[in-house]
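Structure assessment
Residues per chain are reported as follows:
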Amino acid sequence: MNVSMIFRYISLMMTGLMAGSSFAFVLGMGPAMERLTVGSYIELHQSMETVFVAWTPFFYLALTLIITTNLFLLRKEWRSLEFVLVAFALLCILDELVMTWTGNLPLNRVINSWQMMTPPADWIEVRSQWVRFMYIRCALLISGFGLLLASSFVMKRSQDSHSSVFVAV
């Protein structure tokens with residue numbers, strides 16, 4: 001097992017965790033949040049925020065470094081399908097980070113400033129924007145996961161063909 005393969009599987013596992021969590025949000029939390037009353041929504045959102053802010057930056061940093069390192073290890077094969085798939089997976093992850101940074105985080109600051117007794121008049125629109133950003137981020141994470149998964153199959157198939165050449169000789 002080479003180092004590139006180890007990095008690929010770690011990044012696949014981390015992206016899968018993020019994509020799975022995001023997909024669970026899309027299936028369950030998102031639709032449920034859209035039906036909450038203003039007080040319940042504010043309370044849920046503000047309590048949910050503190051949990052994710054604690055570990056998310058480190059997780060994203062580690063994932064970005066691992067995928068970038070994997071691309072660095074594959075740099076000699078930059079024309080291969082494997083390299084392209086990993087590069088596009090990294091782009092999906094980085095795009096998801098941009099969506100978080102420019103979409104959800106500013107909205108989180110707005111929502112965290114709300115008072116339960118005096119919500120703003122446009123709270124439904126803000127909630128809809130926040131949930132929409134979550135859906136887009138989910139699509140990006142699932143795409144990144146799919147690309148990393150595909151690159152693992154391409155890598156496995158190319159290693160199998162190299163092994164059979166050595167056995168035949």
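The text that follows walks through the structure, step by step, so that each part is easy to find. Note that the coordinates shown come from a computational prediction; the quantities given were computed from them, not determined experimentally.

**Here's the deal with the pattern of salt bridges**
Pairing of side chains with opposite charge becomes possible as their charged atoms draw close. Taken as a whole and judged by the stated rule, the model has three salt bridges. Put simply, Glu-125 and Arg-132 hold a salt bridge, and the shortest N to O gap is 3.4 Å. Judged by its relative accessible area of 42%, Glu-125 is partly exposed. For Arg-132, a relative accessible area of 43% puts it in the partly exposed group.

**Structural notes on the environment of Ser-143**
Assignment of secondary structure puts Ser-143 in helix α4 (residues 123–168). Among the residues examined, Ser-143 registers a relative accessible area of 37% and is labelled partly exposed.

**Let's talk about the packing of aromatic side chains**
Remark: the centre distance and the inter-plane angle together describe each pair of aromatic rings, the angle taken between the planes. Here the structure, examined in full by the defined rule, presents four aromatic pairs. For the ring pair Tyr-41 and Trp-114, a centre distance of 6.5 Å and an interplane angle of 50 degrees mean the geometry is tilted. Of this pair, Tyr-41 sits in helix α2 (residues 38–73) while Trp-114 sits in the loop between α3 (81–112) and α4, placing them 73 residues apart in sequence. An identical accessibility class is assigned to Tyr-41 and Trp-114; each is buried. Relative to Phe-59, the ring of Trp-55 lies with its centre 5.6 Å away and its plane at 90 degrees, an arrangement referred to as edge-to-face. Note that Trp-55 and Phe-59 are positioned in helix α2 at a spacing of four residues, about one turn of the helix. Taken together, the ring pairs in this structure connect Tyr-41, Trp-114 and Trp-123 into an aromatic cluster. Above the face of the Phe-72 ring, Arg-75 is positioned so that its terminal group lies 4.0 Å from the ring centre. The lysine or arginine in question, Arg-127, covers the ring of Tyr-41, its NZ or CZ lying 5.9 Å from the ring centre.

**Here's the deal with a nonpolar patch on the surface**
Taken together, Leu-81, Val-84, Phe-88, Leu-91 and Leu-94 make up a surface patch of nonpolar side chains, about 430 Å² in accessible area. By the secondary structure assignment, Phe-88 is in helix α3. Owing to a relative accessible area of 46%, Phe-88 belongs among the partly exposed residues under this scheme.

**Things to note about helix α1 (residues 3–33)**
An ideal rise of 1.5 Å per residue puts 45 Å on 31 residues; α1 measures up with 42 Å between its terminal C-alpha atoms. Where α1 bends most, the angle comes to about 45 degrees, and this point is Val-26.

**Re the side chain of Arg-137**
Here Arg-137 is to be found in helix α4. A polar side-chain atom of Arg-137 sits 3.1 Å from a polar atom in the side chain of Asn-104. Each residue touching Arg-137, except ones within four places of it in the same chain, is listed here: Ser-22, Tyr-60, Glu-96, Met-99, Thr-100 and Asn-104.

**Points about the nonpolar core**
Of all hydrophobic cores here, the largest spans 17 residues; its most connected members are Leu-63, Ile-67, Val-86 and Leu-148. When residues of this core are traced back to their parent elements, those giving at least two are α1, α2, α3 and α4. When sequence neighbours within four positions are dropped, the list of residues in contact with Leu-63 reads Ser-11, Met-14, Thr-15, Met-18 and Ile-93. In this structure, Val-38, Met-48, Leu-107 and Trp-123 belong to the second largest nonpolar core, which totals 14 residues.

Conventions and cut-offs
- The residue numbering used here restarts from 1 in each chain and proceeds along that chain's sequence as written.
- In view of the model being predicted, local features appear only for residues whose pLDDT reaches at least 70, and side-chain atom pairs are presented and counted only at 80 or more, with totals across whole chains, interfaces and linings using the full set of residues.
- Hydrogen atoms and water are omitted, and side-chain values are computed over all heavy atoms in the structure.
- The salt bridge criterion pairs a side-chain nitrogen of Lys or Arg with a carboxyl oxygen of Asp or Glu, the two atoms within 4 Å.
- Only protein chains enter the calculation, and the probe is 1.4 Å; a residue is then buried if its accessible area is under 20% of its type maximum, exposed if over 50%, and partly exposed in between.
- Each helix is a run of H or I in the DSSP string that is no shorter than four residues. Each strand is a run of E no shorter than two, and both are numbered from the N terminus.
- Aromatic pairing here means that ring centres of Phe, Tyr or Trp (its six-membered ring) are within 6.5 Å. Orientation follows from the plane angle: under 30 degrees is stacked, over 60 is edge-to-face, and everything else is tilted.
- In this scheme, Lys NZ or Arg CZ marks a charge over a ring once it lies within 6 Å of the ring centre and within 35 degrees of the ring normal.
- Within the patch definition used here, like charges are joined within 9 Å and nonpolar side chains (Val, Leu, Ile, Met, Phe, Trp, Tyr) within 5 Å, considering only residues with over 30% relative accessible area and no salt bridge.
- Method for areas: the Shrake-Rupley scheme with a 1.4 Å probe, in which residue coverage is limited to the protein chains shown.
- For a helix, the expected span equals 1.5 Å multiplied by the residue count minus one.
- Bend at a given residue is defined as the angle between two axes, one fitted to the seven residues that end at that position and one fitted to the seven that begin there.
- Two N or O atoms count as a polar contact when they lie within 3.5 Å, although within protein this holds only if one can serve as hydrogen donor and the other as acceptor, and sequence-adjacent residues are included solely when both atoms are side-chain atoms.
- Here, residues are in contact when the closest pair of their heavy atoms is within 4.5 Å.
- As used in this record, nonpolar core signifies buried Ala, Val, Leu, Ile, Met, Phe, Trp, Tyr and Cys residues forming a set joined through side-chain atoms within 4.5 Å.

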